[in-house]
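Residues per chain, in single letters:
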Amino acid sequence: MGNIFLYFLKVNGLLVVFFLAYYFLLRKETFFHSNRWFLLIGIISSFVLPSLLFTNIVWIEAKPIANETINNLLPIAHDSSISNIEKTNHFNWYQILACIYFIISSVLLFKLFIEIISFFKIVKKGQKSKLETIKIIETNENHNPFSFFNYLIYSKSNFTDEELKYIFIHERVHIEEKHSIDVLLSKVLCLLFWINPVAWLYRKAILENLEFIADYRTTKITNNPYNYQKTLLKTINNKNQLSITNQFYQSLIKKRIVMLNTNQSNKKNLWKYSIVVPFLVAFVFFFQIETIAQEKKQNPESKNIEKKSKTEFEINKNTTDKNLNEITSIFKNKHNLNLEFNTVKRNKNNEIVKIKASSNIGKTYNSVIELENKNGISPFIINIKEDNHNNKNVVFTNTESSSINIQKNKISSNEDSNITNYGKWKVEKYLKDDKPVLFVVNGEKLTPGSNIKLDKGFAVIHSKELNAEEANKKYGSQGKNGAYELIIEEMSNFSNFPSPPSFPMPPSHPYKNLKTPPSPPEFPNAPELPSNLDDEKEMKKFDKKMKDFEKKMEKLEPQIKKFEKEMEAFEKEMEAHEPNIEAYEKEIKIYEEQMKIYEKEIEKHLKKLENKN
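Residues numbered from 1 in each chain as written. Predicted model: local features only at pLDDT ≥ 70, side-chain atom pairs only at ≥ 80, totals over all residues. Heavy atoms only, no water.

Draft legend 1. Local environment of helix 13 (residues 536-555). Over its 20 residues, helix 13 runs 29 Å from end to end, which matches the ideal 28 Å to within 8%, given 1.5 Å per residue. Where helix 13 starts, the residue carrying a side-chain oxygen 3.2 Å from the main-chain nitrogen of Lys-537 turns out to be Asp-535. (Helix = DSSP H or I, 4+ residues; strand = E, 2+ residues; numbered from the N terminus. Expected span 1.5 Å × (residues − 1). Polar contact = N/O pair within 3.5 Å; in protein donor to acceptor, adjacent residues only side chain to side chain.)

Draft legend 2. Highlighting the packing of helix 2 (residues 32-48) against helix 6 (residues 197-222). Where helix 2 contacts helix 6, the two axes come as close as 9 Å, and the packing angle between them is 155°. Judged on the interaxial angle alone, helix 6 and helix 2 are roughly antiparallel. In terms of crossing hand, the pair formed by helix 2 and helix 6 is left-handed. Touching Phe-32, His-33, Asn-35, Arg-36, Phe-38, Leu-39, Gly-42 and Ile-43 of helix 2 are Tyr-202, Ala-205, Ile-206, Asn-209, Leu-210, Phe-212, Ile-213 and Tyr-216, all from helix 6. Residue composition of the contact of helix 2 with helix 6, grouped by class: eleven nonpolar, four polar and one charged. (Axes fitted to C-alpha atoms, helices over the stretch in contact; angles between N-to-C directions. Parallel < 35°, antiparallel > 145°, perpendicular 65-115°, else oblique. Left-handed = near helix turned anticlockwise from the far one by under 90°. Contact = heavy atoms within 4.5 Å. Nonpolar A, V, L, I, M, F, W, Y, C, P; charged D, E, K, R; others polar.)

Draft legend 3. Geometry of the packing of aromatic side chains. Summed over the entire model, instances satisfying the criterion amount to 22 aromatic pairs. With 4.9 Å between their ring centres and 80° between their planes, Phe-148 and Phe-149 make a pair best called edge-to-face. When the centroid spacing of 5.0 Å and the interplanar angle of 75° are considered together, the rings of Tyr-154 and Phe-168 count as edge-to-face. Of the two residues, Tyr-154 is situated in strand 5 (residues 151-154) and Phe-168 in helix 4 (residues 161-176); the sequence distance between them amounts to 14 residues. An aromatic cluster of at least three residues, connected via ring pairs, comprises Phe-119, Phe-120, Phe-146, Phe-148, Phe-149 and Tyr-151. Lying over the aromatic face of Tyr-23, Arg-27 brings its terminal NZ or CZ to 4.0 Å of the ring centre. Looking at Arg-36, its charged tip hangs above the ring of Trp-37, at a distance of 5.5 Å from the centre. (Phe/Tyr/Trp six-rings, centres within 6.5 Å; stacked < 30°, edge-to-face > 60°. Lys NZ or Arg CZ within 6 Å of the ring centre and 35° of its normal.)

Draft legend 4. Seen up close, unusual backbone geometry. Even without being glycine, Lys-178 reaches a positive phi, approximately 55°. By the secondary structure assignment, Lys-178 is in the loop between helix 4 and helix 5 (179-192). Non-glycine residue Asn-223 carries a positive phi angle of around 60°. Among the structural elements, Asn-223 can be located in the loop between helix 6 and helix 7 (225-234). What makes Asn-223 exposed here is its relative accessible area of 67%. (Buried < 20%, exposed > 50% of the residue type's maximum accessible area, 1.4 Å probe, protein only.)

Okay, here's the thing in structure tokens:
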């Protein structure tokens, strides 16, 4: 609502600028055709300029990232979902005024349709003839001559043949120059902005200038200004007219006669048309330029400092559930990585004896570590490996005995699994219709059902799932049940691997820092109406329950009023965030473009990986 109202004000403001420029500088000039285009451009500019938004990017210094340690972690509060807000009905003046405004505009629109219908009724009743492309309608009704697009309406009984000649030339100018478009456009302008008196004055200026154009050309063609002016005066006594047409009679007859006798303006006065340009530039500069702050790229020294920021956490048998939750929050909120502790079992001393931790690697696989020891698990490290492009991978490190695996995410509940082992490593493979799928590790096809031989300290660089049709086309009959492609590299060689492109970070949602919406009071349950309304006993019980219900509701009235006030304050705060929402939507569009670039870079990166292997 706020954006529409602001657009409404901007359009009306620009209309005022163009009208004042015309009224004080151009109205008395005889540049009639130029004035016509000036007024039309004024309407178009008033609608278009407020809808254009230009962006000015201001570069600011990036803030350094503080070290993250398990000892200084703070609990992270979660905002309540905005979708669960229960809004109360309250009196909204903006909506009431908007409805009234819309109703009045609708009445004016209805009146416009009535006039159009009336015009075609006149056309239908009149005697029709044609002169080139002009359709001439002679009517017996007491109408002044007028034209609408290529229709020319006149009453022969009111004028002599010579006068009709002047009238035909005049109206033909309106038809040839398509003045009806200007008339309708000015009518729609008043329909949309009826509350603005300048809109009505603007329409009057357009109609006035159109008559000046037709009068000027008529006198040039007939070369008899005196008789033409007499014809104009003759139409004064007849004022029956439609507002959508180009009328030969106008209430501004005196002005038209004055302009016919005015000397032509000096061409040096054409500079007056440029007077509006500084105002348009100022309008765009002050109202249509949005400033966006972006962080500068850090220099190598600042990058090195950031790389040294602590991004590893040690998990041991004494780690509490609170610590595990805090680590999960840091990975999600600070690094946009999903880390889960799926299985945590403790002994009587509250020591961890079994734990399973996992983190996403692509869409198909998870990186997983599983440890179990009845005397308490040995310590292991969760580390974030980050390359020069800020691409992040989660690494689990256990110095004593590793138990890391790669695990396929379940697709549906009817899939069976088959676990193949190699030493302390295992790969969990899912079977479709009891048939093993094909695994392709670093470009090497493995026999379906065989163990996948992996070494310690590996990293899964890329994973991809192929359906049966894709796998059969790429790998032949071995892939008839589908395939999973893995690109794996030992962590010791990871630094020599081609660096993947950085993943663009999505913008933060503006609702992130909102206050929690107020909670409504707990309402008592209303009694149910008896199924048999003729049962007097049941109805008496129902009446008694209703009285109790009404008493409870009366007691809740102070709480309800308090809740309504809190909701009004919360809604005002939400309205204040509307500009932030618009900025967020623009950032999302930029983010989507960055994702397209990222996907292309990923394709190039995978080709490098395939060539290396």
